[in-house]
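Here's the letter readout for the chains.
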Amino acid sequence: MFTRCLVCHTPFQPNNELEHFPRGERIAFDPQRGRLWAVCTQCKRWTLAPIEERWEALEELEKAVTDRARLLSQTDNIALLRLGHLELVRVGRANRTEEAWWRYGRELRERRTRSKRLALAGSLGVAAVVAGGWATGAAGFWGAWLLWDRMPENVTRAARWMRFGSTAWRGDAQCPRCGYRFTRMEFKERSQLVLFPEEGRGEVGLYHACPRCGADPDTGLYLVGDESRATLRRILAYHHFSGASENRVRSATRLIEEVGSADRLTQILVKDGKRLSHLQRTGAIALEISANESAEQRLLELELADLEAHWRREEELAAIVDGELTPLPLVESLRLRITQRG
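Source: prediction; values computed, not measured.

A.B. asks: It is not clear to me how the pairing of strand S1 (residues 26-30) should be interpreted in this structure. Could you clarify?
C.D. replies: Burial of S1 is extensive: five of the five residues sit out of reach of the surface. Burial of the side chains of S1 extends over both faces: Arg26, Ala28 and Asp30 are buried on one face and Ile27 and Phe29 on the other. Count of turn residues in the S1/strand S2 (residues 35-39) antiparallel hairpin: four residues, of which Gly34 carries a positive phi of about 75°.

A.B. asks: Looking at this model, I keep getting lost on a positive patch on the surface. Mind explaining?
C.D. replies: On the surface, Arg112, Lys116, Arg248 and Arg281 cluster together into a positively charged patch. Tracing the sequence through the fold places Arg281 in helix H8 (residues 281-325). Residue Arg281 is classed as partly exposed on the basis of its relative accessible area of 34%.

A.B. asks: Before we go on, may I ask you to explain the sheet that holds S1 in this structure?
C.D. replies: Either a parallel or an antiparallel arrangement is found when strands of a sheet pair, and the pairing is made through backbone hydrogen bonds. Read across the open sheet, the six strands follow the order S3-S2-S1-S6-S5-S4; overall the sheet is mixed. Two strands bound the open sheet, and with one partner strand each, they are strand S3 (46-48) and strand S4 (70-74). Ignoring strand direction, the axes of neighbouring strands in this sheet form an average angle of 25°. As defined by bridge partners, S4 adjoins strand S5 (residues 78-83) across four bridges and the pair is classed as antiparallel. Looking across to S5, one finds that Leu71 is bridged to Leu81.

A.B. asks: Which parts of the structure should I look at to understand the packing of aromatic side chains?
C.D. replies: Pairs of aromatic rings are described using the distance from one ring centre to the other and the angle between the two planes. Per the stated rule, a full pass over the model turns up eight aromatic pairs. With centroids separated by 5.1 Å and ring planes inclined at 65°, the aromatic side chains of Trp37 and Trp46 adopt a geometry described as edge-to-face. Each member of the pair Trp37 and Trp46 is classed as buried. Where Phe164 meets Phe187, the ring centres are 6.0 Å apart and the plane angle is 70°; that geometry is what we call edge-to-face. Pair noted here: Phe164 is in helix H4 (residues 151-164) and Phe187 is in the loop between strand S8 (181-186) and strand S9 (194-197), with a separation of 23 residues, a long-range link. In this structure, Phe164 and Phe187 share a single accessibility class: buried.

A.B. asks: What is the right way to read the pattern of salt bridges from this model?
C.D. replies: Opposite charge on two side chains makes pairing possible when the charged atoms of those side chains draw close. One pass over the structure, following the stated rule, counts 20 salt bridges. A salt bridge links Lys63 to Asp67, with the shortest nitrogen-to-oxygen separation between them at 2.7 Å. Separated by four residues within a single helix, Lys63 and Asp67 lie in helix H1 (residues 55-67), roughly one turn from each other. The exposure class assigned to Asp67 is partly exposed, which follows from its relative accessible area of 48%.

A.B. asks: Explain helix H5 (residues 225-239) to me, please; I cannot follow it from the model alone.
C.D. replies: Given 3.6 residues to a turn, an α-helix orients residues that are three or four positions apart in the same direction. Spanning 15 residues, H5 covers 21 Å between terminal C-alpha atoms, matching the ideal 21 Å at 1.5 Å per step. Those residues of H5 that fall on the buried side of the exposure criterion are Gly225, Ser228, Arg229, Thr231, Leu232, Ile235, Leu236, Ala237 and Tyr238.

A.B. asks: How do you make sense of the sheet that holds strand S11 (residues 221-223) when you look at a structure like this?
C.D. replies: With respect to topology, four strands assemble into an open sheet ordered S11-S10-S9-S12, the strand pairing being antiparallel. A strand with exactly one partner marks an edge of an open sheet, and here the two such strands are S11 and strand S12 (274-275). Seen against the sheet, H5 touches S9, strand S10 (204-208) and S11 and runs at an angle of roughly 80° to S10.

A.B. asks: Please clarify how unusual backbone geometry should be interpreted in this entry.
C.D. replies: The general pattern is negative phi for most residues beyond glycine and trans for most peptide bonds. Phi is positive for His9, which is not a glycine, with a value near 65°. Along the polypeptide, His9 turns up in the segment before S1. Although it is not a glycine, Asp272 sits at a positive phi angle of roughly 70°. Mapped onto the elements of the fold, Asp272 is located in the loop between helix H7 (262-269) and S12. Looking at Asp272, the relative accessible area reads 73%, which means it is exposed.

A.B. asks: Is there a simple way to explain the nonpolar core in this structure?
C.D. replies: Within soluble globular proteins, side chains that are nonpolar generally end up buried alongside one another. Among the nonpolar cores identified, the biggest contains 38 residues, and Met185, Leu195 and Ile235 are the most heavily contacted of them. Counting residues per element, this core draws most heavily on H8, at six residues. Contacts of Met185, omitting those with residues within four sequence positions, involve Thr167, Ala168, Trp169, Leu193, His208, Leu221, Leu223 and Ile235. One finds Ile27, Ala49, Leu58 and Leu88 within the second-largest nonpolar core, a separate group that totals 24 residues.

A.B. asks: So what exactly am I meant to see when it comes to the side chain of Arg190 here?
C.D. replies: With respect to the secondary-structure elements, Arg190 resides in the loop between S8 and S9. As a buried residue without a salt bridge, Arg190 has its nearest oppositely charged side chain in Glu186, at a separation of 9.5 Å. Residues in contact with Arg190, not counting those within four places in the same chain, are Arg160, Ile235, Tyr238, His239 and Leu276.

A.B. asks: Is there a simple way to think about the packing of helix H6 (residues 246-259) against H7 in this case?
C.D. replies: Geometry of a packed helix pair, given as the angle between the helix axes and the separation of the axes. Relative orientation of the contacting elements H6 and H7 amounts to 100°, with a least axis distance of 8 Å. When the axes of H6 and H7 are compared, the pair comes out roughly perpendicular. Only Ala262, Arg264, Leu265 and Ile268 of H7 make contact with H6, whose side of the interface consists of Leu255, Ile256 and Val259.

A.B. asks: Before we go on, may I ask you to explain the pairing of strand S6 (residues 86-91) in this structure?
C.D. replies: For a regular strand, side-chain orientation follows a simple rule: the groups alternate between the two sheet faces. Of all six residues in S6, six are buried, a share of seventy percent or more. Because side chains alternate across S6, one face comprises the buried residues Leu86, Leu88 and Arg90, and the other comprises Glu87, Val89 and Val91, equally buried. In this sheet, S6 lies alongside S1 in parallel orientation, the contact comprising four bridges. Across the sheet, the residue bridging to Ile27 is Leu88, located in S6. Note: S5 against S6, six bridges, orientation antiparallel.

Procedures and definitions
- Residues numbered from 1 in each chain as written.
- Predicted model: local features only at pLDDT ≥ 70, side-chain atom pairs only at ≥ 80, totals over all residues.
- Heavy atoms only, no water.
- Buried < 20%, exposed > 50% of the residue type's maximum accessible area, 1.4 Å probe, protein only.
- Helix = DSSP H or I, 4+ residues; strand = E, 2+ residues; numbered from the N terminus.
- Pairing = 2+ DSSP bridges.
- Patch = residues over 30% accessible without salt bridge, like charges linked within 9 Å, V, L, I, M, F, W, Y side chains within 5 Å.
- Areas by Shrake-Rupley, 256 points an atom, 1.4 Å probe, with all protein chains shown as cover.
- Salt bridge = Lys/Arg side-chain N within 4 Å of Asp/Glu carboxyl O.
- Lys, Arg positive; Asp, Glu negative; His and termini not counted.
- Charge placed at Lys NZ, Arg CZ, Asp CG, Glu CD.
- Axes fitted to C-alpha atoms, helices over the stretch in contact; angles between N-to-C directions.
- Phe/Tyr/Trp six-rings, centres within 6.5 Å; stacked < 30°, edge-to-face > 60°.
- Expected span 1.5 Å × (residues − 1).
- Contact = heavy atoms within 4.5 Å.
- Core = buried A, V, L, I, M, F, W, Y, C linked by side-chain atoms within 4.5 Å.
- Parallel < 35°, antiparallel > 145°, perpendicular 65-115°, else oblique.

Below, the structure is given as structure tokens:
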């Protein structure tokens with residue numbers, strides 16, 4: 001099997017997901033036409049696999065798409081999927097439900113694990129102090145003991161501050177009534193934020209009341225569009241720094257599945273405007289998952305457009321190569337073998 005990109009000669013990294021095509025971190029394939037490419041991570045060009053190496057690899061890829069791969073996004077012509085650490089570009093629709101939010105559920109579970117480790121480290125530190133206090137006398141012991149309940153929480157708070165700082169948003173805006181200047185919003189103010197659906201955009205805006213005028217809809221700070229999306233994701237990540245349990249994540253993703261999409265759930269959660277502090281825990285977790293999924297989908301749409309342009313160019317070359325170097329009956333037998341199996 002070839003091991004380097006034919007254009008820039010960058011080595012294809014090995015993968016552990018495919019037995020019959022064990023090199024490449026991104027694989028593109030077309031089961032209908034019998035094409036198979038390794039996509040270079042450096043120059044982004046597609047290297048067409050020799051036709052004798054495609055048969056079993058294409059069958060393996062179609063089976064993996066059906067059984068194990070997760071669909072990230074797709075157009076009418078291209079589907080982008082994840083198989084372990086491997087990215088698959090399948091020409092044609094994959095006929096599967098998009099499940100991009102599973103990754104953010106995993107991230108929340110990992111945050112919970114890290115938070116528990118931090119709390120354990122804090123508890124062990126306090127235990128050492130308590131032991132030292134016992135050795136130095138009753139006063140030292142009781143002083144150390146008072147730290148016991150608060151230390152794990154303080155360790156987590158310190159780690160969160162090191163990760164995010166204290167400021168959720170910076171900018172320069174004025175209250176339309178009194179002219180009060182908003183230049184920053186701190187995380188500790190997040191409970192005062194009101195989330196509302198943006199008209200005609202299917203997205204969430206943020207409202208912060210003016211400290212002079214009060215909670216009047218004609219006053220205060222409004223964040224919409226890109227500014228609102230970035231600020232909301234940052235605030236939710238801060239809010240859920242300690243992550244969520246497996247059951248909580250399952251409940252949150254079930255909410256998304258029941259309403260049909262992340263965007264739809266977001267609109268339901270903030271209908272008529274709702275304070276972040278008034279969202280139930282499961283709803284707030286689902287909101288973070290949805291916000292991240294929506295942001296990635298916008299990036300994936302751009303990537304898919306680029307992949308589709310690459311595919312059209314590479315398909316023209318592949319058609320020439322296969323047509324000139326390979327007997328046509330052999331190509332047709334491959335196509336029938338793969339498509340009939342799928």
